[in-house]
Amino acid sequence: MSKNRRNSPYVKACLFMLCSILCGIVAISLVPMVLADLGLSPDAAGWVEASLGATWVLVGGIGAFAIRCPMCGRSLFKRRWSIHVPWPAERCSKCNYDLTNET
Ligand SMILES: [Zn+2]
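Residues numbered from 1 in each chain as written. Predicted model: local features only at pLDDT ≥ 70, side-chain atom pairs only at ≥ 80, totals over all residues. Heavy atoms only, no water.

*Asks:* Sorry, what's going on with the overall build of the protein chain here?
*Replies:* When helices and strands are tallied, the protein chain shows two helices and zero strands. Taken over C-alpha atoms, the radius of gyration comes to 18 Å for the protein chain, far larger than the 13 Å a tight globule of 103 residues would show. The proportion of buried residues among the 103 residues of the protein chain is 28%. For the protein chain, long-range pairs separated by at least 24 residues make up 49% of all intrachain contacts whose partners lie at least 6 apart in sequence. Accessible surface, the protein chain as shown: approximately 7100 Å² in total, 66% of it carbon and sulfur. Taking the average place of the 11 positive charges on the side chains of the protein chain and the average place of its 6 negative ones, the gap between the two points comes to 20 Å. (Helix = DSSP H or I, 4+ residues; strand = E, 2+ residues; numbered from the N terminus. Rg over C-alpha atoms; globule rule 2.2 N^0.38 Å. Buried < 20%, exposed > 50% of the residue type's maximum accessible area, 1.4 Å probe, protein only. Contact = heavy atoms within 4.5 Å. Areas by Shrake-Rupley, 256 points an atom, 1.4 Å probe, with all protein chains shown as cover. Lys, Arg positive; Asp, Glu negative; His and termini not counted. Charge placed at Lys NZ, Arg CZ, Asp CG, Glu CD.)

Following this line, the structure appears as structure tokens:
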């Protein structure tokens with residue numbers, strides 16, 4: 001019997017983290033080039049980049065806390081001793097629930 005794991009918290013967290021990394025790369029590399037091509041002054045471009053960076057940190061942080069274990073509610077990015085890591089766990093570090101199971 002095969003399990004459909006596309007809706008598992010682990011897969012959702014992995015996709016969220018990959019999208020966050022991709023958005024960070026775009027914000028760091030492509031946005032400054034586009035702003036320079038548009039002829040924006042360095043001060044204005046700095047404000048735009050800082051705003052994008054702050055938004056990226058907020059969305060990434062809130063999203064990482066929002067993806068939780070369905071059994072106990074612990075964030076998938078939180079490990080023992082309240083250490084946060086950038087990649088989700090396959091098993092909950094609190095209740096040992098298999099997070100690759102579909103919810
Ligand atoms: Zn749990």
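Don't stop here, the text continues.
*Asks:* Can you help me understand the coordination of the zinc ion in this one?
*Replies:* Distances from the zinc ion to its protein donors, namely C69 (SG), C72 (SG), C92 (SG) and C95 (SG), fall within the range 2.2 to 2.4 Å. For the zinc ion, the four donor atoms in the first shell make angles of 101 to 117 degrees at the metal, a pattern classed as tetrahedral. Summarised as a motif, the one-chain spacing of the donors to the zinc ion is C-x2-C-x19-C-x2-C. On the basis of relative accessibility, which here comes to 4%, the residue C69 falls in the buried class. (Donors = N, O, S within 2.8 Å, 3.2 Å for Na, K, Ca; no water. Tetrahedral: all angles 85-135°; square planar, octahedral: opposite > 155°, others 65-115°.)

*Asks:* I would appreciate a short explanation of the environment of L99 in the present structure.
*Replies:* Locating L99 in the fold gives a position in the segment after α2 (42-66). For L99, a relative accessible area of 1% gives the class buried. Those residues within four positions of L99 in sequence are excluded, and the remaining contacts are S8, P9, Y10, C69, P70, L76, A89, E90, R91 and C92.

*Asks:* Would you mind going over a nonpolar patch on the surface with me for this structure?
*Replies:* Judged by side-chain polarity, L15, L18, I21, I25 and W87 come together as a nonpolar surface patch covering roughly 480 Å² of accessible area. Among the secondary structure elements, I21 is positioned in helix α1 (residues 9-37). (Patch = residues over 30% accessible without salt bridge, like charges linked within 9 Å, V, L, I, M, F, W, Y side chains within 5 Å. Salt bridge = Lys/Arg side-chain N within 4 Å of Asp/Glu carboxyl O.)

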